[in-house]
Amino acid sequence: MADKFNAESIITETQKRISNAFDVFDHECNKTVDVREIGTIIRSLGCFPSEAELHDIIAELEDEEPTGFVRYEKFLPTMTKILLERKFRPITEDLLLQAFKVLDQQKNGHLEPEELTKYLTQEGESFTQEEIDEMLSAAVDPDKNAILYKDFVSMMTFDDTR
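Residues numbered from 1 in each chain as written. Predicted model: local features only at pLDDT ≥ 70, side-chain atom pairs only at ≥ 80, totals over all residues. Heavy atoms only, no water.

Colleague: I'm lost on the UniProt feature "domain: EF-hand" (unreviewed entry) in the protein chain in this one. Help?
Modeller: The UniProt record annotates "domain: EF-hand" (unreviewed entry) at residues 13-48 and 91-126. Annotated as 56% helix and 8% strand, the span residues 13-48 places its first and last C-alpha atoms 20 Å apart. Between the end C-alpha atoms of residues 91-126 there is a gap of 19 Å, over a span that is 58% helix and 0% strand. (UniProt positions renumbered as here; feature names shortened; annotations may be inferred. Helix = DSSP H or I, 4+ residues; strand = E, 2+ residues; numbered from the N terminus.)

In structure tokens:
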């Protein structure tokens, strides 16, 4: 009996978080959000799908005929399942730090903005110029004009204590 109550409690709390996140972007208060906001909502809930995975989620959420909006009644069960299955979890701070260390060929504890830009545009899933500019504005230490990646990793990792 306690397990059933606990499971129901977890589902209720999860759905409350989803509802709160959705409501922030439901500007018309009509239980719909612009499809372009779905990635932001999902990430605000601690899930970090790739762009391809996000595209798949959006395709699942949109009705037979895409309108540019996603209805809450479609979003809630999909997002509840994603959260309960702990899909698209962020990588750990240690793993992210290891990745930066691999890129730091000189082993000097930092990357030049040009180096990171090259990696972000030429390897894997390419970043847009806007995404690169946004990341660099947060990542580059203005005094050293370099990315001190230990500090940056600490700043950008997700605290999963919820």
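Colleague: In this structure, what is going on with the side chain of Asp-141? I would like to understand it.
Modeller: Note that Asp-141 resides in strand 3 (residues 140-141). Buried charge without a partner: Asp-141 forms no salt bridge, and the closest opposite charge is Lys-144, 5.0 Å away. A polar contact is formed between the side chain of Asp-141 and the backbone nitrogen of Lys-144, at a distance of 3.0 Å. Discounting chain neighbours no more than four positions away, the residues touching Asp-141 are Ala-146 and Leu-148. (Buried < 20%, exposed > 50% of the residue type's maximum accessible area, 1.4 Å probe, protein only. Lys, Arg positive; Asp, Glu negative; His and termini not counted. Salt bridge = Lys/Arg side-chain N within 4 Å of Asp/Glu carboxyl O. Polar contact = N/O pair within 3.5 Å; in protein donor to acceptor, adjacent residues only side chain to side chain. Contact = heavy atoms within 4.5 Å.)

Colleague: Honestly, the domain arrangement of the protein chain in this entry has me stumped. Any pointers?
Modeller: It is common to report an interface's size as the accessible area lost on association of the parts. Under the domain assignment, the protein chain is made up of domain 1 (1-85) and domain 2 (93-157). A C-alpha centroid distance of 30 Å is found between domain 1 and domain 2. (Domains from an automatic or database assignment.)

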